[in-house]
Amino acid sequence: MGSDTGGSRYLEIAEALRQSILSGEHPVGARLPSESDLAAHWSVSRGTVRQAVGLLASEGLIGSRQGARRVVLRQERRHSFQQLNSFAQWAQAMGCEVSSLILSRTTRPASAEEASRLGVAPDSEVLYVVRVRRLDGEPVMVERTAYTEWVAPVVRALPDDVVSIMNSIAENAGIVAHYGEHLIDAVAAGSEDARLLRVRRASPLLRQRHLTNTAAGRPIEWTDDRYRAGSVAFSVSNSAAAAPLERQAGPEVTRGPSGD
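Calculation rules
Residues numbered from 1 in each chain as written. Predicted model: local features only at pLDDT ≥ 70, side-chain atom pairs only at ≥ 80, totals over all residues. Heavy atoms only, no water. Helix = DSSP H or I, 4+ residues; strand = E, 2+ residues; numbered from the N terminus. Buried < 20%, exposed > 50% of the residue type's maximum accessible area, 1.4 Å probe, protein only. Contact = heavy atoms within 4.5 Å. Areas by Shrake-Rupley, 256 points an atom, 1.4 Å probe, with all protein chains shown as cover. Arc of directions from axis to C-beta. Polar contact = N/O pair within 3.5 Å; in protein donor to acceptor, adjacent residues only side chain to side chain. Pairing = 2+ DSSP bridges. Axes fitted to C-alpha atoms, helices over the stretch in contact; angles between N-to-C directions. Core = buried A, V, L, I, M, F, W, Y, C linked by side-chain atoms within 4.5 Å. Salt bridge = Lys/Arg side-chain N within 4 Å of Asp/Glu carboxyl O. Expected span 1.5 Å × (residues − 1). pLDDT = per-residue confidence, 0-100.

Brief notes about the overall build of the protein
Check the secondary structure of the protein and you find eight helices and eight strands. Taking all 260 residues of the protein together, the buried fraction comes to 40%. For the protein, the proportion of contacts with a sequence separation of at least 24, taken over those separated by at least 6, is 61%. Of the roughly 14300 Å² of accessible surface on the protein, a fraction of 49% belongs to carbon and sulfur atoms.

Pasting the structure below:
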């Protein structure tokens, strides 16, 4: 047990509870110990415990009702980039009920970034699609996608509630994604994101932008996906065998820490 000192104490408690949930020690549907019991176990104030469980509630791991013992709502949803899976394929593999709703489909000139990413001439027409993705009925992601002109007719023909556009265009038109490039960062929720994801304006969102290509390298889509905080964790595995970091200095050379 530690003392209730330092502003990061609640982060330590939150991480310990998070790991106990992810390991199955506290399975979905189980109740966490009471705030009093947790405070006694960690030798901290109940206020510190409230900060810790409040953080887990904001991530969606436990119930958000205060006062009563918190219920574990789910374990971590982890999305790996080792395989190129659609959102729907990943969610279904996780045992989640996935649904989607297309909010708009607009044919317009490509932006400078879209034209660059998709390898088309500036002001070429793209089909711009905005839709909301849900897991177990909960809105978790807003997807904004620019489709190249050769893909657009197939996407236009899909119903608004299509679960997976990528799966559908593969089945209906033989347009199959083989390669993806992903960029991940954090952004603040604007008014539209906040409304669609049911969060406060300026709340942090996890953004994943990705370019999808066919096996021949032909671009299919450039997408900006914005996830509600705590709804998904991305997993990336690294290997020195896949991209070796060669260091050729002989044993007689002594080097300090490098910046890489």
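After that view of the structure, there is still more to cover.
Considerations on helix H7 (residues 165–173)
Think of an α-helix as 3.6 residues a turn; residues three or four steps apart then line up on the same face. For H7, the full list of buried residues reads Ile165, Met166, Ser168 and Ile169. Projected onto a plane normal to the axis of H7, the buried residues spread over an arc of 160° and lie on a single side. If you follow the buried residues of H7, they end up packed against strand E2 (98–109), strand E3 (125–135), strand E4 (138–147), helix H6 (152–156), strand E6 (204–213) and strand E7 (219–228). Between the side-chain oxygen at the start of H7 and the backbone nitrogen of Asn167 there is a gap of 3.1 Å, and the oxygen is on Ser164. A positive phi of about 70° marks Gly174, the residue just after H7.

Points about the sheet that holds E3
Pairing within the open sheet is antiparallel, and its six strands lie in the order E2-E3-E4-E7-E6-E5. The strands lining the two open edges of the sheet, one partner per strand, are E2 and strand E5 (179–188). Neighbour-to-neighbour, the strand axes of the sheet open up by a mean angle of 20°, direction not taken into account. Of the pairings in the sheet, the one linking E3 to E4 comprises nine bridges and is antiparallel in character. Residue pairing for E4: Arg133 is matched across the bridge by Met141. Packing of H7 onto the sheet brings it into contact with E2, E3, E4, E6 and E7, and relative to E7 it is tilted by some 155°.

Observations regarding the nonpolar core
Ile13, Leu17, Val49, Val53, Leu56 and Ile62 are the most contacted members of the largest nonpolar core, which has 17 residues in total. For this core, the secondary-structure elements that each account for two or more residues are helix H1 (9–22), helix H2 (35–42) and helix H3 (46–58). If you tally residues by element for this core, the top one is H3, at five residues. Apart from residues lying up to four places away in sequence, Leu56 is in contact with Ala14, Leu17, Arg18, Ile21, Leu61 and Ile62. Of all hydrophobic cores here, the second largest spans 15 residues; its members include Val151, Ala152, Val154 and Ile220.

Remarks on the pattern of salt bridges
What the rule picks out here adds up to 17 salt bridges. The salt bridge partner of Glu15 is Arg18, with a shortest N-O separation of 2.4 Å. With Glu15 and Arg18 both in helix H1, this residue pair falls three residues apart, about one helical turn. Judged by relative accessible area, which is 34%, Glu15 ranks as partly exposed. In this structure, a network of salt bridges that share partners links the residues Glu113, Arg144, Asp185, Glu192, Asp193, Arg207, Arg209, Asp224 and Arg226.

Comments concerning H1
Taking 1.5 Å of rise per residue, 14 residues should cover 20 Å, and H1 covers 20 Å from first to last C-alpha, within 8% of that figure. All of the buried residues in H1 are Arg9, Ile13, Ala14, Leu17, Arg18, Ser20 and Ile21.

Overview of the confidence of the model for the protein
In this model, the protein carries a mean pLDDT of 81, and residues with pLDDT of at least 70 account for 75%. Averaged pLDDT values over the elements of the protein bottom out at 48 in strand E1 (residues 78–80) and peak at 97 in H6. Here residues 242–260 scores under 50 on pLDDT; set against residues more than four positions off or in separate chains, the count is three contacts.

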